[in-house]
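Structural description and commentary
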Number of protein chains: 2
Amino acid sequence: MSKRVLGGTLRESDIDKEILLKGWVQKRRDLGGLIFIDLRDKSGVVQVVFNPDVSKSALETADSVRSEFVVQVKGKVVKREENTINPSMETGHIEVIASEIEVINKAKNPPFLIQDESDVSEDLRLKYRYIDLRRTPLQETFKMRHQITQTVRNYLNDNGYLEMETPILTKSTPEGARDYLVPSRVHSGEFYALPQSPQLFKQLIMMSGFEKYYQIARCFRDEDLRADRQPEFTQIDIETSFMSSDEIMEMTENMMQKVMKEVKGIDLELPLQRMPYDEAMRRYGSDKPDTRFGMEFIHVSDVLKDSTFKVFQGAIESGGTVCLLNVEGQANNYSRKDIDKLTDFVKVYGAKGLAWLKVEENDVKGPIAKFLTDEEKQGLISKAEAKDGDLLLFGADDTSVVYDSLGALRLKLGKELGLIDESKFNFLWITDWPLLEYDEELGRYTAAHHPFTMPADGDVDKLATDPANVKANAYDLVLNGYELGGGSLRIYKRELQNQMFEVLGFTNEEAEEQFGFLLDALEYGAPPHGGIALGLDRIVMLLAGRSNLRDTILFPKTASASDPLTDAPDTVSDAQLDELAIQLTKEYE
Amino acid sequence: MSKRVLGGTLRESDIDKEILLKGWVQKRRDLGGLIFIDLRDKSGVVQVVFNPDVSKSALETADSVRSEFVVQVKGKVVKREENTINPSMETGHIEVIASEIEVINKAKNPPFLIQDESDVSEDLRLKYRYIDLRRTPLQETFKMRHQITQTVRNYLNDNGYLEMETPILTKSTPEGARDYLVPSRVHSGEFYALPQSPQLFKQLIMMSGFEKYYQIARCFRDEDLRADRQPEFTQIDIETSFMSSDEIMEMTENMMQKVMKEVKGIDLELPLQRMPYDEAMRRYGSDKPDTRFGMEFIHVSDVLKDSTFKVFQGAIESGGTVCLLNVEGQANNYSRKDIDKLTDFVKVYGAKGLAWLKVEENDVKGPIAKFLTDEEKQGLISKAEAKDGDLLLFGADDTSVVYDSLGALRLKLGKELGLIDESKFNFLWITDWPLLEYDEELGRYTAAHHPFTMPADGDVDKLATDPANVKANAYDLVLNGYELGGGSLRIYKRELQNQMFEVLGFTNEEAEEQFGFLLDALEYGAPPHGGIALGLDRIVMLLAGRSNLRDTILFPKTASASDPLTDAPDTVSDAQLDELAIQLTKEYE
């Protein structure tokens, strides 16, 4: 007998071939004395027919099989009769007439149906992940993940980058997110940390003279999880020496162009749009704007600068801002009740309320209209380029609250109103980031990206005098409202790195204790360098059209960072803890 | 000015080009009013000449630079004068006449010279790893590591394997080596474990229907370290469904053939030699024999079965064995003192001594000769095919002691006597492994590989009756005396897996508690599957001709599992421990 063939690949050209199939029983149907089995393997599904005239014993065995049994079948490929052709199946023009079938392994009744979309609880699906993963959309997602990864690798290999592995057992650094810790057995009382990113190691690789590095790198953050966060995630991590930020962005664009072409068949037009951070905030209230639709912020503080309406007045006088969204043509589709719901929505983002107006007969109507002068009303209409039937929604508060709440509202309305062309892939660079953020709680500046980011050309002098207004030589890549990742040029001189730590409130001793090895390395011939890191899981999610990061990770964790399949994390033995010289602070069940 | 070019790539075809170089000052020499700088970048080294007639200011700056300064140079490529051509340099026919030089970053005097081979202490080299890595042999090793990795990937991609990522935060399993643990913050009192291998996950991937998986996977073992062990290491991890062990070995051979061709230019002849475990032990006393030289074990228990010499008699009567190595032509080169040293060597492996004879005039001489009959002497000479001038070294003890000690001695002598052709790459499969080993201490059987290994065809019935003699459907790949890795077919039926756990002394509850998810998965349509895992670090070490695994890992740990560069592991704050609900069992400094 010939070798096994993949059933999903059989076509009319295979007709009359005697073949051997192995796979899973997707479905069994009895019809007119015959048995039909849809046999699934990694290539797809093919229909196998058992006919008593061909083999009585095969028919009997086929009668005993159930869904998800693993079987092997010998048979012959034949053309289907005209009226049984199934054009929606790739193998729909042929079927296999079985002469033999053997049950390789039985299967219990699966806890849920294996179908394209499933409404089973996610916990159950994760507990039986190996069954869930048999669904076609997940199979396709992981094939795409493979394809994206290989395309990225091929591009970087072709451009002289070396793939290199950095350690997973590293040192804990208190800046940034929370580390996962690993107690050391040999060095009692000491701990390794799992890396939040290979940042310092990739900089050291540049100082080692390799010039072009990449890694598909596993990273770890012990953060409270959201739908789009996982304790471990994977990033495309790149670092290079002697390149400008323009060159790094160009390289990244070329890489993404290749990915889009290979994976989606889409020709991405280059160069990608670039937008300074300040502009993105002003136009969309977001540092990762979804530019697939308009409804940009309309700034109306100037129109309302003399307003006697307390909400507007208060916002403007306290140094805040008033913006509006023009929800075009929707005035009649939003009742007071609907708007109340929107009000509840913006309150989550810190807004105190949601002022609104409807445009009618070139005038505005609504509960706040009475507080506005005619001039203000006409000013608003004119500034918003509003027409009859438009709905105007206001944010008036501290600028950050207005941006947050109205930015979120814009996205919500974009989706609700079907303004978003889901077939679009809008890539966008956000540039000219602030280098530092003032942390009220800590009473000091913190690094907006990380403490190794290079200030923008010409801004170095401002580090001492005006840190709030120092820009970073940094860039983020955004796709359809998601941050894919970002990068920067890095500081490569010790004096500047020292100064940066000073601005961040480190004493010399603290800087030395935590980052002494980096500071040292800067003094032994560090080249100018920079790079980028892109979230692979998120890229897969967006390109595969999945709505959840967990669908892009083979064995993901739940929102409480556990794995219902293996039951990790779990208790361990006292002997294990003793060896590590640690103990629990109390008894746990 | 044109873009930067890589200096190491300049050739005679570049003569007269005006170029921009960036890189490190490898060396500076002053000669006859000129300054010569060897400028290094990732492509290699090129000579740059500063001439006061071309630019006085450039000469002055060049005068100030020191080793490892990072500089950029503008200049013109010219042909070297005939008498200054350096044919040992790839750029040795040309040099660059500099018109400008700029210091990009200064460098302190490096703590050690950057030269091909270094006798500096490893601790110092690891502390300044970023300087050590600039050495050409290490640069070449990591380029080769990249090349090996990509060749493996390309081969597997071309053969339908999907690269997939399994979790690093997993569940602790008490079988096998010691786990690294990670305390969970969300689930107080519980721990993740870092995976010793993706074994269970890759089996689950098969149960998920993917059929062909691979991963260049990071693995972790908290073991006491030896020269060829690291706390984290990387393996080429492969699993497939529906394939026989012959097919998996063939696939692996083809992959290694491709690697040898691409990386070493060597045509590996296939199929590779296969040797059953028992034969390897009998002939070489090793399950990973170095077959690049002979000096195989000569079994002489039968010749000596009636010996009155107590050492031989005792070994044979207690069920042990007597073997000898024929060290051909070396009788006169080993004094008693030399042999005493060899005796000390074998004692480390448990031998009580080292009996020896020298062959002279077709007879044997030596301290034990008087205990042997003429018939025995002639029997030994004949069995050993010994000639005058040969040295015979005996092992007589429990079989395992003889194999261990004489096997180690064989390797030592092979190296000492230059019997090993270092240009050879002898691949070898070891097959027909025992499935189980009896652990005297535990008083039960343990898995020789792991508890998921399939017994050999036809040996399943012996599991209950004669476990010691059950063979495994397993195979190890050996290269030049090193185990590159191994694999097996796996158990895919629950009943057999249950039986296996029983033989290993698990209660039902223990099996369920630790491996319940796997046992469950076997019942929901598990396909026959198997795979292999090969140590990438070791492959790189052998192909790059390095003697130490640490040379193949970018940022390795020392023998005490610490990193002198970053100082990992390190103490962490009490706040961090509090969050994890753990405390140290005592105060540490």
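Residues numbered from 1 in each chain as written. Chains lettered and ligands numbered in written order. Predicted model: local features only at pLDDT ≥ 70, side-chain atom pairs only at ≥ 80, totals over all residues. Heavy atoms only, no water.

1. Here's the deal with the domain arrangement of chain A
You can read the domains of chain A as domain 1 (7-105) and domain 2 (293-420). Summarising the inter-unit geometry, the C-alpha centres of domain 1 of chain A and domain 2 of chain A are found 62 Å apart. (Domains from an automatic or database assignment.)

2. Concerning the pairing of strand S15 (residues 356-360) of chain B
Residues and elements named next belong to chain B. Counting buried residues along S15, 4 of its 5 residues qualify, which places the element largely inside the surrounding structure. Sheet topology note: the S15/strand S17 (residues 391-397) ladder contains 3 bridges and is antiparallel. Bridge assignment links Lys358 to a residue of S17, and that residue is Leu391. The sheet contact formed by S15 and strand S16 (residues 363-365) spans 3 bridges and is antiparallel. Paired with Val359 across the strands is Val364, a residue of S16. Hairpin connection, S15 to S16: the antiparallel pair is bridged by 2 residues, and Glu361 has positive phi, about 45°. (Buried < 20%, exposed > 50% of the residue type's maximum accessible area, 1.4 Å probe, protein only. Helix = DSSP H or I, 4+ residues; strand = E, 2+ residues; numbered from the N terminus. Pairing = 2+ DSSP bridges.)

3. Observations regarding the confidence of the model for chain A
Residues with a pLDDT of 70 or more make up 98% of chain A, whose mean pLDDT is 95. Our summary of model confidence lists the complex with pTM equal to 0.96 and ipTM equal to 0.95. (pLDDT = per-residue confidence, 0-100.)

4. Considerations on the pattern of salt bridges
As enumerated under the stated definition, the model contains 100 salt bridges over all chains in all. For the salt bridge of B:Glu247 with A:Lys3, the shortest nitrogen-to-oxygen distance reads 3.8 Å. Within this pair, whereas B:Glu247 is found in helix H6 (residues 245-264), its partner A:Lys3 is found in the segment before strand S1 (4-5), the two belonging to separate chains. Relative accessible area serves as the criterion here: at 24%, B:Glu247 is assigned to the partly exposed category. Taking relative accessible area as the criterion, A:Lys3 reaches 61% and is therefore assigned exposed. (Salt bridge = Lys/Arg side-chain N within 4 Å of Asp/Glu carboxyl O.)

5. Section: the relation of the copies chain A and chain B
Least-squares fitting of chain A to chain B yields an RMSD of 0.1 Å, with the transformation described by 0.0 Å of translation along the axis and a rotation of 180°. Such a combination of rotation and displacement between the chain copies is what one expects of a two-fold axis. A shared interface surface links the copies, since 99% of the contact residues of chain A are contact residues in chain B too. (Least-squares fit on C-alpha atoms with pLDDT ≥ 70 in both. Contact = heavy atoms within 4.5 Å.)

6. Some remarks on the packing of aromatic side chains
According to the stated counting rule, one finds 38 aromatic pairs over all chains in the structure shown. Consider the rings of A:Phe312 and A:Phe394, whose centres lie 5.2 Å apart with planes at 40°: the pair is tilted. Of this pair, A:Phe312 sits in helix H8 (residues 310-317) while A:Phe394 sits in strand S17 (residues 391-397), and the two are 82 residues apart along the sequence. For A:Phe394, a relative accessible area of 2% puts it in the buried group. With centroids separated by 5.0 Å and ring planes inclined at 40°, the aromatic side chains of B:Tyr277 and B:Trp433 adopt a geometry described as tilted. Here B:Trp433 lies in the loop between strand S18 (427-431) and strand S19 (436-439) and B:Tyr277 lies in helix H7 (residues 277-284), a separation of 156 residues in the sequence. A single burial state applies to B:Tyr277 and to B:Trp433, both of which are buried. An aromatic cluster is built from A:Phe309, A:Phe312, A:Phe371 and A:Phe394, whose rings are joined through pairwise contacts. Across the ring face of A:Phe293, the terminal group of A:Arg410 is positioned such that the distance to the ring centre comes to 4.0 Å. (Phe/Tyr/Trp six-rings, centres within 6.5 Å; stacked < 30°, edge-to-face > 60°. Lys NZ or Arg CZ within 6 Å of the ring centre and 35° of its normal.)

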